[in-house]
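Observations on the model geometry
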Amino acid sequence: MSPEVPQQCDRKTIAQREKPTPVPIAWVSKGDLLNCRPDLSAQIEALDEADVDYIAEKVGDALQETYRIAMDVVLTEYFLE
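Residues numbered from 1 in each chain as written. Predicted model: local features only at pLDDT ≥ 70, side-chain atom pairs only at ≥ 80, totals over all residues. Heavy atoms only, no water.

Side chains of D48, E49, D51, D53, E57 and D61 sit close together on the surface and give a patch of like negative charge. Judged by its relative accessible area of 42%, D61 is partly exposed. (Patch = residues over 30% accessible without salt bridge, like charges linked within 9 Å, V, L, I, M, F, W, Y side chains within 5 Å. Areas by Shrake-Rupley, 256 points an atom, 1.4 Å probe, with all protein chains shown as cover. Salt bridge = Lys/Arg side-chain N within 4 Å of Asp/Glu carboxyl O. Lys, Arg positive; Asp, Glu negative; His and termini not counted. Charge placed at Lys NZ, Arg CZ, Asp CG, Glu CD. Buried < 20%, exposed > 50% of the residue type's maximum accessible area, 1.4 Å probe, protein only.)

Structure follows, in structure tokens:
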């Protein structure tokens with residue numbers, strides 16, 4: 001049986017939740033890459049550690065931009081309600 005999920009959460013409910021610990025993307029494994037793009041398995045298997053580190057850095061950059069966009073949307077919604 002799965003736990004009940006409220007349809008909507010108000011600000012008070014959200015504020016009362018335990019605050020999650022942020023987990024930055026610091027690394028990506030070849031397994032992560034293969035799960036995402038199995039069609040590129042030969043190229044992914046040929047990557048060395050520096051290549052994987054570079055990809056991880058780029059993923060982190062992309063996530064940072066997505067985070068900023070999401071924060072802008074949430075703050076706009078929060079303050080303009």
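Before going further, it helps to examine the pattern of salt bridges. According to the stated counting rule, one finds two salt bridges in the structure shown. Note that R37 and D39 form a salt bridge whose closest N and O atoms lie 2.7 Å from each other. You can call D39 exposed: its relative accessible area is 53%.

Looking now at the confidence of the model for the chain. The predicted model of the chain averages 80 in pLDDT, with 68% of residues at 70 or higher. Per-element mean pLDDT across the chain ranges from 59 in helix α1 (residues 11–16) up to 98 in helix α3 (residues 41–45). (pLDDT = per-residue confidence, 0-100. Helix = DSSP H or I, 4+ residues; strand = E, 2+ residues; numbered from the N terminus.)

We now examine the nonpolar core. Counting six residues, the largest nonpolar core consists of V28, L33, I44, L47, V52 and A56. Setting aside residues no more than four positions away along its own chain, V52 makes contact with V28, K30 and L47. (Core = buried A, V, L, I, M, F, W, Y, C linked by side-chain atoms within 4.5 Å. Contact = heavy atoms within 4.5 Å.)

With that settled, consider helix α4 (residues 49–80). Counted at 1.5 Å a residue, the expected span for α4 with its 32 residues is 46 Å, and the 46 Å between its end C-alpha atoms agrees. With a side-chain oxygen lying 3.1 Å from the backbone nitrogen of A50, the N-terminal cap of α4 falls on D48. (Expected span 1.5 Å × (residues − 1). Polar contact = N/O pair within 3.5 Å; in protein donor to acceptor, adjacent residues only side chain to side chain.)

The geometry of an aromatic ring pair comes down to the distance between the two centres and the angle between the two planes. One pass over the structure, following the stated rule, counts one aromatic pair. Their ring planes at 90° and their centres at 5.0 Å tell us that Y78 and F79 sit as a pair that is edge-to-face. (Phe/Tyr/Trp six-rings, centres within 6.5 Å; stacked < 30°, edge-to-face > 60°.)

Among the secondary structure elements, R37 is positioned in the loop between α2 (30–36) and α3. In terms of polar contacts, R37 uses its side chain to reach the side chain of D39, at 2.7 Å.

Right, let's get into a nonpolar patch on the surface. On the surface, Y67, M71, L75, Y78, F79 and L80 cluster together into a nonpolar patch covering about 680 Å² of accessible area. Position of Y67 among the secondary structure elements: in helix α4. Residue class for Y67 comes out partly exposed when judged on its relative accessible area of 49%.

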